Amino acid sequence: MKALVVGDGQWARFLSERISKEPGMDVAAIPARKLEAELLNSEQNVNSWDLAICATRPLLQEAIAPLLAERVRFLWLEKPMANSVRGCEVIMESLNKNETAAMV
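S.K.: Lay out the side chain of T100 in plain terms, naming residues and giving numbers.
M.R.: Along the chain, T100 turns up in the loop between α4 (85-98) and β5 (101-103). Judged by its relative accessible area of 9%, T100 is buried. Within polar-contact distance, the side chain of T100 engages the backbone oxygen of A69 at 2.7 Å. Once you skip the residues sitting within four places of it in the chain, T100 turns out to touch A69, V72, R73, F74, L75 and L95.

S.K.: Outline α4, listing residues and values.
M.R.: With 14 residues, α4 should reach 20 Å at 1.5 Å per residue; the first-to-last C-alpha distance of 20 Å fits that figure. Buried within α4 we find G87, I91, S94 and L95. Along the axis of α4, the buried positions cluster into a sector of 100°, meaning they face one direction only. The exposed residues of α4 that point more than 90 degrees off its buried face are V85, N96 and K97.

S.K.: Tell me about unusual backbone geometry, and please be specific about residues and values.
M.R.: In the segment running from K79 into P80, the intervening peptide bond is cis, with an omega of -5°. Along the chain, P80 falls in the loop between β4 (74-77) and α4. Not every positive phi belongs to a glycine, and E99 is a case in point at roughly 50°. Locating E99 in the fold gives a position in the loop between α4 and β5. The class of E99 is exposed, set by a relative accessible area of 61%.

Thresholds applied
Residues numbered from 1 in each chain as written. Predicted model: local features only at pLDDT ≥ 70, side-chain atom pairs only at ≥ 80, totals over all residues. Heavy atoms only, no water. Helix = DSSP H or I, 4+ residues; strand = E, 2+ residues; numbered from the N terminus. Buried < 20%, exposed > 50% of the residue type's maximum accessible area, 1.4 Å probe, protein only. Polar contact = N/O pair within 3.5 Å; in protein donor to acceptor, adjacent residues only side chain to side chain. Contact = heavy atoms within 4.5 Å. Expected span 1.5 Å × (residues − 1). Arc of directions from axis to C-beta.

This is the structure in structure tokens:
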């Protein structure tokens, strides 16, 4: 299984290291701002990843989760999911629209 860890903080590094120790896991990591810029400014496709893990602050997760929901089947989100009720609603709408399975 291929996993993409989004974030460059201590928690993201821990998750990348821990998950990469699991048999059959291929793990890559990317800073949230870099991924956001790449997804917004190009036709980059992350469909080659089975799982995306948002290991970032709620504000960044609000922006990135809907973009990832369009491109991956499984999405791991941190809590709190968003800074606002509206941000949470946007994330939930994108998950439902794209039939993306999520774990919070």
